[in-house]
Amino acid sequence: MSVANGEISREIGDINLAYMLLAQKLVKQDRVAAMFRLGVSSELADMLASMSLAQIVKLAASNFLLCSFRLNEHASMSAVVGEGKDTMLQQAHMSILMSARSLQTRKTAVAA
């Protein structure tokens with residue numbers, strides 16, 4: 001492994017740890033809001049809340065990012081990022097997209 005790859009893996013691990021700790025904190029403070037913000041199921045929220053620090057550190061050590069873009073389509077990202085939009089409008093569009101995605105995920109889960 002090159003030095004650059006080793007550094008990137010370490011940085012990914014740092015991001016994973018920060019993300020996991022933030023996710024757990026969000027779930028413990030307000031479970032419902034955290035589920036919406038993180039885009040996670042009730043079962044995953046329960047798991048996040050109950051994980052020990054050792055489990056989080058071990059999981060975070062992966063060289064794969066545990067967090068991911070929730071706007072994974074170009075059209076969605078373009079709609080939110082468009083030039084000239086003010087911050088409030090961007091946040092409103094983001095909330096609408098995330099709400100629609102959450103509903104779509106639930107419908108898919110119920111249908112399965």
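Residues numbered from 1 in each chain as written. Predicted model: local features only at pLDDT ≥ 70, side-chain atom pairs only at ≥ 80, totals over all residues. Heavy atoms only, no water.

(A) Structural context of the packing of helix H1 (residues 3–29) against helix H2 (residues 31–38). Between H1 and H2, whose axes approach to 5 Å, the crossing angle comes to 140°. Taken together, the axes of H1 and H2 lie oblique to each other. Contact with H1, carried on its side by Tyr19, Ala23, Leu26, Val27 and Gln29, involves Arg31, Ala34, Arg37 and Leu38 of H2 and no other residues of that element. Taken together, the residues of the contact of H1 with H2 sort by class into six nonpolar, one polar and two charged. (Axes fitted to C-alpha atoms, helices over the stretch in contact; angles between N-to-C directions. Helix = DSSP H or I, 4+ residues; strand = E, 2+ residues; numbered from the N terminus. Parallel < 35°, antiparallel > 145°, perpendicular 65-115°, else oblique. Contact = heavy atoms within 4.5 Å. Nonpolar A, V, L, I, M, F, W, Y, C, P; charged D, E, K, R; others polar.)

(B) Summary view of the nonpolar core. Membership of the largest hydrophobic core is limited to twelve residues, which are Met20, Ala23, Leu26, Val27, Ala34, Met35, Leu38, Val40, Ala45, Leu48, Met51 and Ile56. Elements represented by at least two residues in this core include exactly H1, H2 and helix H3 (42–50). It is H1 that provides the largest number of residues to this core, a total of four residues. Once you skip the residues sitting within four places of it in the chain, Met20 turns out to touch Leu48, Met51, Ile56, Leu59 and Leu66. (Core = buried A, V, L, I, M, F, W, Y, C linked by side-chain atoms within 4.5 Å. Buried < 20%, exposed > 50% of the residue type's maximum accessible area, 1.4 Å probe, protein only.)

(C) Here's a closer look at H2. By the burial criterion, the buried members of H2 are Ala34, Met35 and Leu38. Seen from one end, H2 has its buried residues packed into an arc of 100°, which puts them on one side. Along H2, exposed side chains directed more than 90 degrees from the buried face belong to Val32 and Arg37. Those residues of H2 that are buried are in contact with H1 and H3. Looking one or two residues past H2, Gly39 carries a phi angle of roughly 70°, positive in sign. (Arc of directions from axis to C-beta.)

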